[in-house]
Amino acid sequence: MAFDSFGAFLAMEGHGPYVWASYGVFFVLMAVLMVGSYRRRNAVLQSCRQHAGSRSSRAPKPDSDTAPATAASFTRVDVSQD
Amino acid sequence: MWPFFHKLGSPKWFYGIATRLMPWLLVLGLLCLGAGLVWGLAFAPKDYLQGNSYRIIFIHVPSAFLAQSIYIMMASAAVVTLVWRMKLADVFVKATAPVGLVLTFISLFTGAVWGKPTWGTWWIWDARLTSMLILLFLYGGVIALDRAINDEKSAARAVAILVLVGVVNIPIIKYSVDWWNTLHQPATFKLTEKPSMPAEMWVPLLLSVIGLYLLFGWLACLRMQTEILIREQRTRWVQDLFHVNEGVR
């Protein structure tokens, strides 16, 4: 430990406000970014799930992977790179 | 090489790989960053000149480092977007620009707070600080330009060109402390030399840098997944993500 007591750790010999303000901003912004990104991914995933659910209730799921979902959707075509 | 390259550009392949990588990136990232910061805050010795304010280095340097690295990665992706039109490269730029913006802001903010007790001022218009501020505006510009253009392909091209033009700023940031007189101290880590600080200081710093890199990896995977889902929601494979889980039962 570089400090004698917890009080000394918080005070940082007068530099406490600077150090803790920096770490505070870092933690808050990183937490907002990480939690926000995670929630957004899950929300988008949820809306895709509902989309897929409404599709499958109207039309039975085709058993082949290559069958198009609906007439309006586009399918990806793998073009040979050679 | 070509099959691998082709696979790398496939959003479906990336989505699966990202799902598998993400738990590792998150856990290892939090462990490294946590260890580095606790060590740096409570156990590393205090600096003989700057006192305890130097402990800001353990977040300032990693975020400034990442802010520049992310821009370089975005520029590499921009080349791929322009030359090979690979969708995933554009997804990367779009997903990571906000992360770069936040990290640049953190490095500027912590730098200002560190500058007050060390230099006696929050801000000076010196080369290093100004070029970092330009980096912040570049990130903001990339995000704004992408949102301003509705057509996905035109947006991808325009953003890629802006990112590439802005890349000149990166060497300016890096060498600003050598080219001009500045209050800012020179680089802590150099590839060719031993660090100028003792191991009790640079080891926790290195841990924090590695930890933040890993967390960036997690964020990049997560945000790219989001962007891929939005773009590909009508495709077979995205809908199959749910059918595989629900359809059989």
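Figured I'd write up the structure that's included with this text. (Residues numbered from 1 in each chain as written. Chains lettered and ligands numbered in written order. Predicted model: local features only at pLDDT ≥ 70, side-chain atom pairs only at ≥ 80, totals over all residues. Heavy atoms only, no water.)

Scanning chain A from N- to C-terminus turns up 2 helices and 0 strands. Evaluated residue by residue, chain A yields a buried proportion of 26% over its 82 residues. (Helix = DSSP H or I, 4+ residues; strand = E, 2+ residues; numbered from the N terminus. Buried < 20%, exposed > 50% of the residue type's maximum accessible area, 1.4 Å probe, protein only.)

Below, the discussion takes up helix α6 (residues 152-166) of chain B. Residues and elements named next belong to chain B. Relative to the 21 Å expected for 15 residues at 1.5 Å per residue, α6 spans 21 Å between its end C-alpha atoms, a close match to the ideal helical length. What α6 keeps buried is the set Ala155, Ala156, Val159, Ala160, Val163 and Gly166. Along the axis of α6, the buried residues cluster in a sector spanning 130°; they form a single face. What points out from α6, more than 90 degrees from its buried face, is the exposed set Lys153 and Val165. Buried-residue contacts for α6 involve α3 (57-84), α4 (87-119), α5 (127-148) and α7 (169-179). (Expected span 1.5 Å × (residues − 1). Arc of directions from axis to C-beta. Contact = heavy atoms within 4.5 Å.)

The next point concerns the interface of chain B and chain A. Facing the 53 residues of chain B at the interface are 44 residues of chain A. Both sides together, the interface formed by chain B and chain A hides about 4500 Å², and carbon and sulfur atoms give 71% of it. Contact with chain A buries area across many residues of chain B, yet Leu41(B), Arg236(B) and Phe242(B) alone supply 14% of it, more than any other trio. Put simply, chain B and chain A have 1 salt bridge between them. (Buried area = accessible area lost by both parts, 1.4 Å probe. Salt bridge = Lys/Arg side-chain N within 4 Å of Asp/Glu carboxyl O.)

Residue and element names in this part refer to chain B. As for its position among the elements, Ser63 is in helix α3. Here His60 takes part through its backbone oxygen, which lies 3.2 Å from a polar atom of the side chain of Ser63. If we ignore the near neighbours within four places in the chain, the residues touching Ser63 are Leu103, Ile106, Ser107 and Leu212. (Polar contact = N/O pair within 3.5 Å; in protein donor to acceptor, adjacent residues only side chain to side chain.)

To describe a pair of aromatic rings, you give the distance between the ring centres and the angle between the ring planes. Under the defined criterion, the tally for this structure stands at 15 aromatic pairs over all chains. Measuring from ring centre to ring centre gives 5.9 Å for Tyr54(B) and Phe58(B), while their planes differ by 65°; the resulting arrangement is edge-to-face. Ring geometry for Trp123(B) and Trp125(B): centres 5.4 Å apart, planes at 80°, overall edge-to-face. Through a chain of ring-to-ring contacts, three or more aromatic side chains come together here, namely Phe3(A), Phe6(A), Phe9(A), Trp20(A), Tyr23(A), Phe26(A) and Phe27(A). The lysine or arginine in question, Lys174(B), covers the ring of Tyr175(B), its NZ or CZ lying 5.3 Å from the ring centre. (Phe/Tyr/Trp six-rings, centres within 6.5 Å; stacked < 30°, edge-to-face > 60°. Lys NZ or Arg CZ within 6 Å of the ring centre and 35° of its normal.)

What follows deals with the packing of α3(B) against α4(B). All names here are of chain B. With their axes 8 Å apart at the nearest point, α3 and α4 run at an angle of 155° to one another. One way to sum up the angle between α3 and α4 is to call them roughly antiparallel. Crossing of α3 over α4 shows left-handed handedness. A per-class count over the contact of α3 with α4 returns 19 nonpolar, 9 polar and 1 charged. (Axes fitted to C-alpha atoms, helices over the stretch in contact; angles between N-to-C directions. Parallel < 35°, antiparallel > 145°, perpendicular 65-115°, else oblique. Left-handed = near helix turned anticlockwise from the far one by under 90°. Nonpolar A, V, L, I, M, F, W, Y, C, P; charged D, E, K, R; others polar.)

Residue and element names in this part refer to chain B. In total, this model carries 8 salt bridges over all chains according to the counting rule given. With a closest N to O distance of 2.9 Å, Glu227 and Arg231 form a salt bridge. Here Arg231 and Glu227 lie together in helix α8 (residues 199-232), a separation of 4 residues that amounts to about one turn. Taken individually, Glu227 and Arg231 each receive the classification buried, so the pair is uniform in this respect. A network of salt bridges, in which partner residues are shared, links Asp90, Lys94, Asp146, Glu152, Glu227 and Arg231.

These results come straight from atomic positions and should not be treated as a statement about function.
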